[in-house]
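Examination of the molecular architecture
Chain residues, written in single-letter form:
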Amino acid sequence: MSVSVLSPTRALGGVSGLLQVVSLLGLVLLLLKAAQLYLRRQWLLKALHQFPSPPSHWFYGHKKEFQKESELPPLLERVEKYPKACVRWLWGTKALVLVYDPDYMKVFLGRSDPKPHRTYKYLAPWIGTGLLLLEGQKWFQHRRMLTPAFRYDILKAYVGIMADSVRVMLDKWEELVSQDSHLEIFGHVSLMTLDTIMKCAFSHQGSVQMDRCSDQGEEGSPAEGGRAGEGEEQEALGFPGHPPPCQSKYGLPCRDHLDQMRYTTMCIKEAMRLYPPVPFIGRELRKPITFPDGRSLPAGILVSLSFYGLHHNPNVWPNPEVFDPTRFSPGSTQHSYAFLPFSGGSRNCIGKQFAMNELKVAVALTLLRFELSPDPSRVPVPTPIMVLRSKNGIHLQLRKLSDPGGDKDKL
């Protein structure tokens, strides 16, 4: 019997040949991918040629432009230079159209284009597949089922719960202010809103803010019957020049009085114009779209509806960086899609009236107990992270009002 042994030279030759074949296949695949990316870029250039854009790098697009402390200043520069929309290149083969014109917004929000799956898929493990992420008929069914719970006459019953949560927060502030007039309020406000939603949506009986039951009458938590000065707070909820509030049987402001808080509402709306809670939303065009000025986009294009850009657009809002509540005074005229803090169209925020009620109660009760002023050494730096947040927190200087009940006639 003879045994043939493969020589080392022949073995190395076989391995070398295999490596050459693998290298050749890798090169072919690389060339195919490069050709695919090149064709994608050429398609995007052709599809977006009607929309202006600053010069971009062929590979990393406008990344350098938006790598500053906040993305918002360069966005505002674009809004001023390109009044309706512009292109932002994320990479050489990925771009989106930034939209911040009310007429464009109206066209987009009147359609049912889906959210970009690649962007919103990361939210699913966190919040589940609810109204925000659902599409089509299933979304419509869920929305129709939940809408009755957010009717105005239903929500008015929760005003007392909102007020209780706000008072817990303000009581904590009084303790802290006695030590130092400076306070970072973002965490406190977040806990207060969480406390409110837990009680209103889930009938939670405890207090998230105090980490103990709020209905046992413990110190620091509002028990039935309220605390000293509560009546004065309720009486003064109207704000400057407003009629005295009508009272519910629980001593809380009724629905009609919340409607009468015109000046408070004007201030809240102007604040949300300057700082919209959700600065942008994304859409992926399912069908081609044509705008009132004749410009069009094909299907497959990514679009970012920039509410922050819309609210700061000088062609829509004169002197957009100035805080001016009279923009929302009765009788003022504005485009129906110029102010979209809760988005618009059929997929607007279902909880917008709930949020407005909570804001009115929180603002009114806070200003009855404290004088607030910004901390000039720590100016907030707004940044868009799904919602609009401040990179360095929200720092205020607080001064407790000595006798809020005595000042009620001045309000």
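Residues numbered from 1 in each chain as written. Predicted model: local features only at pLDDT ≥ 70, side-chain atom pairs only at ≥ 80, totals over all residues. Heavy atoms only, no water.

A look at helix α2 (residues 72-81)
- Turning to α2, its buried residues are Leu72, Pro74, Leu75, Arg78 and Val79. With its buried residues spanning 160° around the axis, α2 presents them on a single face. Exposed and facing more than 90 degrees away from the buried side of α2 are Glu77, Glu80 and Lys81.
- Residues of α2 that are buried sit in contact with β1 (85-91), β2 (94-99), β9 (302-306), α13 (307-311), β11 (382-385) and β12 (387-390). (Buried < 20%, exposed > 50% of the residue type's maximum accessible area, 1.4 Å probe, protein only. Helix = DSSP H or I, 4+ residues; strand = E, 2+ residues; numbered from the N terminus. Arc of directions from axis to C-beta. Contact = heavy atoms within 4.5 Å.)

Overview of the sheet that holds β1
- An order of β1-β2-β9-β6 is seen for the four strands of this open sheet, with the pairing classed as mixed. With partners counted over all chains shown, the strands left at the sheet margins are β1 and β6 (280-284), one partner each. Ignoring strand direction, the axes of neighbouring strands in this sheet form an average angle of 30°.
- Those strands touched by α2 are β1, β2 and β9, and its axis lies near 140° from that of β1.
- Its contacts with the sheet put helix α3 (residues 102-109) on β1, β2, β6 and β9, and the angle it makes with β9 is roughly 125°. (Pairing = 2+ DSSP bridges. Axes fitted to C-alpha atoms, helices over the stretch in contact; angles between N-to-C directions.)

Some points on the packing of helix α8 (residues 159-177) against helix α9 (residues 186-202)
- Across the interface, α8 lies against α9 with an axial gap of 9 Å and an inter-helix angle of 155°. The pairing of α8 with α9 is recorded here as roughly antiparallel in orientation. As α8 runs across α9, the sense of the crossing is right-handed. Along its contact with α8, which presents Ile161, Met162, Ser165, Val166, Met169, Lys172, Trp173 and Leu176, the element α9 presents His188, Val189, Leu191, Met192, Asp195, Thr196, Lys199 and Cys200. (Parallel < 35°, antiparallel > 145°, perpendicular 65-115°, else oblique. Left-handed = near helix turned anticlockwise from the far one by under 90°.)

Some points on a positive patch on the surface
- Among the surface-exposed residues, Arg40, Lys94, Arg118 and Lys121 lie close enough to one another that they form a single positively charged patch.
- By secondary structure assignment, the location of Arg118 is in helix α4 (residues 117-120).
- Owing to a relative accessible area of 47%, Arg118 belongs among the partly exposed residues under this scheme. (Patch = residues over 30% accessible without salt bridge, like charges linked within 9 Å, V, L, I, M, F, W, Y side chains within 5 Å. Areas by Shrake-Rupley, 256 points an atom, 1.4 Å probe, with all protein chains shown as cover. Salt bridge = Lys/Arg side-chain N within 4 Å of Asp/Glu carboxyl O. Lys, Arg positive; Asp, Glu negative; His and termini not counted. Charge placed at Lys NZ, Arg CZ, Asp CG, Glu CD.)

As for the pattern of salt bridges
- If you walk through the whole model with that rule in mind, you get 16 salt bridges.
- Between Asp101 and Lys84 there is a salt bridge whose closest N-O contact spans 3.7 Å. With Asp101 in the loop between β2 and α3 and Lys84 in the loop between α2 and β1, this pair connects stretches of sequence that are 17 residues apart.
- Exposure remark for Lys84: the relative accessible area of 29% places this residue in the partly exposed category.
- With a shortest N-O distance of 3.1 Å, Arg167 and Asp164 are connected by a salt bridge. On the criterion of helical spacing, the pair formed by Arg167 and Asp164 is a turn pair, its members being three residues apart in helix α8.
- Taking the relative accessible area as the measure of exposure, Asp164 reaches 29% and is therefore partly exposed.
- Salt bridges sharing partners connect three or more residues here, namely Asp171, Glu174, Arg369 and Lys400.

A look at the packing of aromatic side chains
- Considering all chains together, one arrives at eight aromatic pairs under this definition.
- Aromatic ring contacts, followed pair by pair, group Phe51, Tyr104, Phe108 and Phe291 into a single cluster.
- For the cation-ring pair, Arg273 lies above Trp317, with the distance from its terminal atom to the ring centre recorded as 5.5 Å. (Phe/Tyr/Trp six-rings, centres within 6.5 Å; stacked < 30°, edge-to-face > 60°. Lys NZ or Arg CZ within 6 Å of the ring centre and 35° of its normal.)

Observations concerning the pairing of β9
- Where burial is concerned, most of β9 is hidden: five out of the five residues are buried.
- In β9, alternate side chains face the same way, and those of Leu302, Ser304 and Ser306 on one face and Val303 and Leu305 on the other are all buried.
- Examined bridge by bridge, β2 and β9 share four bridges and lie parallel to one another. Across the sheet, Val99 pairs through a bridge with Leu305, a residue of β9.
- Here β6 pairs with β9 via five bridges, running antiparallel. Counted as the bridge partner of Ile281 is Leu305 from β9.

A word on α8
- Along its 19 residues, α8 runs 26 Å from first to last C-alpha, staying within 8% of the 27 Å computed at 1.5 Å per residue.
- Taking burial as the measure, the 19 residues of α8 include 14 buried ones, the bulk of the element. (Expected span 1.5 Å × (residues − 1).)

Things to note about the sheet that holds strand β3 (residues 182-184)
- Here three strands make up an open sheet; going across it, the order is β3-β13-β10 and the pairing antiparallel. The two strands at the open ends of the sheet, each matched to only one other strand, are β3 and β10 (370-374). Each strand axis lies, on average, 40° off the axis of its neighbour in the sheet, ignoring direction.
- Both β10 and strand β13 (residues 395-400) contribute to a ladder of five bridges, which runs antiparallel.

Remarks on the pairing of β2
- The buried fraction of β2 is high, at five of six residues.
- In the sheet, β1 pairs with β2 via six bridges, with the strands oriented antiparallel. For Trp91, the partnering residue across the bridge sits in β2 and is Lys94.
- The loop that links β1 with its antiparallel partner β2 comprises two residues.

Considerations on the confidence of the model for the protein
- Mean pLDDT over the protein stands at 83; residues scoring 70 or higher make up 82%.
- Of all secondary-structure elements in the protein, the lowest mean pLDDT belongs to helix α10 (residues 230-235), at 41, while α13 reaches the highest, 97.
- Counting interchain partners and residues more than four positions distant, the pLDDT-below-50 stretch residues 212-253 has 83 contacts.
- In the model, residues 404-411 has pLDDT below 50 throughout and makes 10 contacts with residues more than four positions away in sequence or in other chains. (pLDDT = per-residue confidence, 0-100.)

Remarks on the nonpolar core
- Judged by nonpolar contacts, the single largest core of 40 residues is most densely connected at Leu48, Leu297, Ile301 and Leu305.
- Within the residue set of this core, elements represented by two or more residues are α1 (8-47), α2, β1, β2, α3, β9 and α13.
- Element by element, the count of residues in this core is highest for β2, at five residues.
- For Leu305, the contacting residues outside a window of four places in its chain are Val99, Met105, Phe108, Leu109, Pro279, Phe280 and Ile281.
- In this structure, Leu155, Met162, Cys200 and Leu365 belong to the second largest nonpolar core, which totals 20 residues. (Core = buried A, V, L, I, M, F, W, Y, C linked by side-chain atoms within 4.5 Å.)

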